[in-house]
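So you can see what is in the structure, the chains are spelled out below.
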Amino acid sequence: MADTPVLRADAIHKRYADNEVLKGISLTLARGETKVLIGPSGSGKSTFLRCLNHLTKPDRGTIELDGVEISDANIDRMRARIGFVFQDFNLFSHLSVLDNVSICPIRVKRQARDEAIRRAREELERVGLGDKADAYPAELSGGQQQRVSIARALAMDPTLMLFDEPTSALDPELTGEVVKVMQRLADDGMTMLVVSHEMGFARQAADEIVFMEGGHIVEQGPPETLFSQPAQDRTRAFLNVIAEHG
Amino acid sequence: MNIYDVILRDFPFLLKGLGIAVILLAALLALGFVIGLTICLLQLYGPRTRFVQWPLKAYERVFRGVPIIIMLFIFYYGLAGVFDISSFAAAILALGFRSGAYQSQIFRSAFQSVPAGQMTAARAHGMSLAQAIRWILFPQAIRHAIGPWTNEFSSEIKETSLAYVIGVVELTRQAHYIITSTQGNTLTVFAVVALLYFIVNKAGNSGLYWLEARLAVPGFEKRQ
């Protein structure tokens, strides 16, 4: 079992009308591995991420979590094991921070309320928001909301965490606090796939950088190689753009 | 006996009529709530097939498109021939079915006002569609619905007076009895009746606004 990857996506295709967004993406993640997906907007990164837990249904291709193929029949159970962090947080506005973090364990995993609350407090401590348990989402900054949404995902004990541009809706000064939390998660051995242009994070936390363009994976490799000596011209061109503007 | 003595003497009858009106109101709103919520959920999250969606749309169009007085006649004279149905029951059905059509649209916009991302987030964490509706969307939609629902409440308390035409002895009919037994003085009696309707309306709306304020989510309170 040790070599079964946590995630194996094989030849994922997705088309919207006559726009083929994903042209056969394959990717694996070993336990404890962190990969960062980069690429120009419209390259299919977010679509690929959403295909992995069927938020967007792929047209073709298979996805396995711990060796079990994801299908319509087991989708809810599989999603319960895949943490997802959204660009715009998507916290439940009517629930306090504590309830946001504990509701899924209570309703989905049928965890006892006391246990779920205890665990939620732990996860909030972990993202540095122990003192905000009774606040409501609308009372928090964007960075705090995003950290709550990370805690919400962690409370489910995920096998895998997916991050869909977790900092691109945040001011630069709020980005840091979210990146720090993600960095620590990666260090703690969480298996993570992150769509992000936070190069600092990619450099430090990623085991591998995956560069996507036009629905293909153009190139992948460890950050030190890919950032300094990219094999493909397109990768180099993209990195230059990022370096200028990012 | 002057008209004021009559009203004073017959006031218990007016109150009884008011009681019937309020019971009718509660019953029709409850029926309308169940029908309205069911239609709304089926329209938004039910099967997209025409076999489901078309009848829902037809129901909604018919009950919003036919004058209520005609509906009362149809339900009373139409159903009374087939079933042993009282005028009171016919009034609950006619008004309740129509209220269901209106309430379905109140709920539909309330559910749609919850940001779509929250449904996605709930599903992404493993909730089934039903769980996401129950625990994430419904609690927010119901809060958004209270405001528009005060309209429905206000309309329906007034519409209960139309049950008069099929013989329900509610407030307006009681008033009519008093008027026929005293000749003239129509205005005075109806002024008292109007006041009674107004009081129930005001009390109900105040209660709903209180509920709305009480349930307000921190960070989303109405401006004072």
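Above: the structure in question.
Residues numbered from 1 in each chain as written. Chains lettered and ligands numbered in written order. Predicted model: local features only at pLDDT ≥ 70, side-chain atom pairs only at ≥ 80, totals over all residues.

**Quick notes on the overall build of chain B**
Across its full length, chain B holds eight helices and zero strands. When the helices and strands of chain B are read in sequence order from the N terminus, they spell out α-α-α-α-α-α-α-α. Put simply, chain B has 224 residues, and 31% of those count as buried. Once local pairs closer than 6 in sequence are excluded, the contacts in chain B between residues at least 24 apart make up 77%. (Helix = DSSP H or I, 4+ residues; strand = E, 2+ residues; numbered from the N terminus. Buried ≥ 20, exposed ≤ 12 C-beta atoms within 10 Å, placed from the backbone. Contact = placed C-beta atoms within 7 Å.)

**A word on the sheet that holds strand β9 (residues 208-213) of chain A**
Residue and element names in this part refer to chain A. Taken together, six strands build an open sheet; the order of strands is β6-β7-β8-β3-β9-β10 and the sheet is mixed. The outermost strands of the open sheet, each flanked by one partner alone, are β6 (82-85) and β10 (216-221). If you compare each strand with its neighbour and ignore which way they point, the axes differ by 15° on average. Across five bridges, the pairing between β9 and β10 is antiparallel. Note that in β10 the partner of Val-210 across the bridge is Gln-220. (Pairing = 2+ DSSP bridges. Axes fitted to C-alpha atoms, helices over the stretch in contact; angles between N-to-C directions.)

**Here's the deal with the interface of chain A and chain B**
Facing the 22 residues of chain A at the interface are 20 residues of chain B. Put simply, the parts of the chain that give the side of chain A that touches chain B at least two residues each are α2 (75-79) and α3 (97-107) of chain A.

**Describing the packing of helix α5 (residues 116-124) of chain B against helix α6 (residues 129-159) of chain B**
Residues and elements named next belong to chain B. Look at α5 against α6: their axes get within 10 Å of each other, and the N-to-C directions meet at 135°. Considering the angle they form, α5 stands oblique to α6. Crossing hand, α5 versus α6: right-handed. Seen from α5, the contacting residues are Gln-118, Met-119, Ala-122 and Arg-123; seen from α6, they are Ala-132, Ile-136 and Leu-137. Residue composition of the contact of α5 with α6, grouped by class: five nonpolar, one polar and one charged. (Parallel < 35°, antiparallel > 145°, perpendicular 65-115°, else oblique. Left-handed = near helix turned anticlockwise from the far one by under 90°. Nonpolar A, V, L, I, M, F, W, Y, C, P; charged D, E, K, R; others polar.)

**Some words on the sheet that holds strand β1 (residues 7-16) of chain A**
Residue and element names in this part refer to chain A. Reading across from one edge, β2-β1-β4-β5 is the order of the four strands in this open sheet, with antiparallel pairing throughout. In this open sheet, the two edge strands, each paired with only one partner strand, are β2 (19-29) and β5 (68-69). Alignment of β1 against β2, held across eight bridges, turns out to be antiparallel. Residue pairing across strands places Lys-14 opposite Leu-22, the latter belonging to β2.

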